[in-house]
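Analysis of the macromolecular model
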Amino acid sequence: MNGLNLFGVGVRKKGPIKVYSVGMYASNAAKEALSNLSKTADKVKALASLQSGAKENPPVSFLLKMNFKVGAEKMAGAIADSVSPRHSNAADVEALKSLIFEGVNNKEGGAATKGTTFQFDCESSGVGVSVDGNKQGDVASPGLSKSFCDVYLDDKCVSSALRESCLDNCCQP
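In this report, the structure presented in the accompanying data block is examined. Because the structure is predicted, anything quoted here is derived from the model rather than measured.

A few points about the packing of helix H3 (residues 72-83) against helix H5 (residues 142-153)
At a closest axis distance of 9 Å, the pairing of H3 and H5 adopts a crossing angle of 100°. Taken together, H3 and H5 sit at an angle that is classed as roughly perpendicular. Across the interface between the two elements, Ile79, Ser82 and Val83 of H3 pack against Leu144, Ser147, Phe148 and Val151 of H5.

Written out as structure tokens, the structure is:
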């Protein structure tokens, strides 16, 4: 996707419900930072390198595909709620939330239905948002870009399966 490598895939669950699948795409530079680490012997270092490599070697893209119907306000709010504890600028988070809301609200029925895709492009300049391949806009905030990566890559991530998959695909055994 956009010349980036697929690092891994995972799923976002709320209780027993699989809300969406997520794929992470990143640069060769980010992958090289992991290539000599063991996913078992160096797991703590590998997880830290995955997180720092993604933030220090943009672009990184996260592609979400819905498996469950969620309304525009709830979807936008859920993603914003995941980002806000990791990012101190509330205006940036609100701008991200608005782009997601507008993209979903413009769909027939105003909901993210099964198969709806969200693409978040984390660049050095900020985060780009697309819904079903339609670009919604960008939030110009390098800090927001790094915070968005943390939603999927820090120790309190929303999909530990994604982190494990990234290690499986990018590290030594």
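Concerning the pairing of strand E2 (residues 17-26)
Regular strands show a simple pattern: their side chains alternate between the two faces of the sheet. In terms of burial, E2 is a largely internal element, seven of the 10 residues being buried. Looking at chain direction, strand E1 (residues 5-14) and E2 are connected through nine bridges and run antiparallel. Opposite Gly10, over in E2, you have Val22 as the bridge partner. Sheet analysis places E2 next to strand E3 (residues 60-66), joined by seven bridges and oriented antiparallel. Paired with Ala26 across the two strands is Val60, which belongs to E3.

Quick word on the packing of H3 against helix H4 (residues 90-105)
The contact between H3 and H4 brings their axes to 8 Å, and the two run at 155°. When the axis of H3 is compared with that of H4, the two are roughly antiparallel. Between H3 and H4 lies a crossing whose hand is right-handed. Touching Ala72, Glu73, Met75, Ala76, Gly77, Ile79, Ala80 and Val83 of H3 are Val93, Leu96, Lys97, Ile100, Phe101, Val104 and Asn105, all from H4. Taken together, the residues that form the contact of H3 with H4 break down as 11 nonpolar, two polar and two charged.

Re the layout of surface pockets
One number sums up the size of the largest pocket: a volume of about 320 Å³. Along the wall of the largest pocket there are 18 residues; nearest its centre are Lys14, Val19, Val70, Lys74 and Ala78. Looking at the lining of the largest pocket, the elements that each hand over two or more residues are E1, E2, H3 and H5. A total of six residues in the lining of the largest pocket trace back to one element, the largest contributor, which is H3. For the lining of the largest pocket, the class distribution of residues is 13 nonpolar, one polar and four charged.

Looking at the pairing of E3
Along E3, five of the seven residues are buried, which leaves the element largely enclosed by surrounding structure. Sheet topology places E3 next to strand E6 (residues 117-123); six bridges connect them, and they run antiparallel. Opposite Leu63, over in E6, you have Gln119 as the bridge partner.

Considering the side chain of Ser130
Its place among the elements puts Ser130 in strand E7 (residues 126-131). Other than its neighbours up to four places away in sequence, Ser130 contacts Thr117, Phe118, Gln119, Lys135 and Gln136.

Quick word on H3
With 12 residues, H3 extends 17 Å between its outermost C-alpha atoms, agreeing within 8% with the 16 Å of an ideal straight helix rising 1.5 Å per residue. Along H3, the residues classified as buried are Ala72, Met75, Ala76, Gly77, Ile79, Ala80, Ser82 and Val83.

Focus on the nonpolar core
Counting 49 residues, the largest nonpolar core has Met24, Phe62, Leu96 and Tyr152 as its most contacted members. Apart from residues no more than four positions distant in its own chain, Phe62 is found in contact with Val22, Gly23, Met24, Phe118, Gln119, Phe120, Cys122, Phe148, Cys149, Tyr152, Leu153 and Leu162.

Quick word on unusual backbone geometry
Between Pro58 and the following residue, Pro59, the backbone shows a cis peptide bond with an omega angle of 5°. Residue placement: Pro59 occurs in the loop between helix H2 (43-56) and E3. Although it is not a glycine, Asp132 sits at a positive phi angle of roughly 50°. By relative accessible area, Asp132 is classed as partly exposed at 32%.

Reading the values: the criteria
- Residues numbered from 1 in each chain as written.
- Predicted model: local features only at pLDDT ≥ 70, side-chain atom pairs only at ≥ 80, totals over all residues.
- Heavy atoms only, no water.
- Axes fitted to C-alpha atoms, helices over the stretch in contact; angles between N-to-C directions.
- Helix = DSSP H or I, 4+ residues; strand = E, 2+ residues; numbered from the N terminus.
- Parallel < 35°, antiparallel > 145°, perpendicular 65-115°, else oblique.
- Contact = heavy atoms within 4.5 Å.
- Buried < 20%, exposed > 50% of the residue type's maximum accessible area, 1.4 Å probe, protein only.
- Pairing = 2+ DSSP bridges.
- Left-handed = near helix turned anticlockwise from the far one by under 90°.
- Nonpolar A, V, L, I, M, F, W, Y, C, P; charged D, E, K, R; others polar.
- 1 Å grid on protein atoms, 1.4 Å probe; cavity = no way out; pocket = protein on both sides within 12 Å on 5 of 7 lines; lining within 4 Å.
- Points joined across faces, edges and corners; volume = space filled by probe spheres on them.
- Expected span 1.5 Å × (residues − 1).
- Core = buried A, V, L, I, M, F, W, Y, C linked by side-chain atoms within 4.5 Å.

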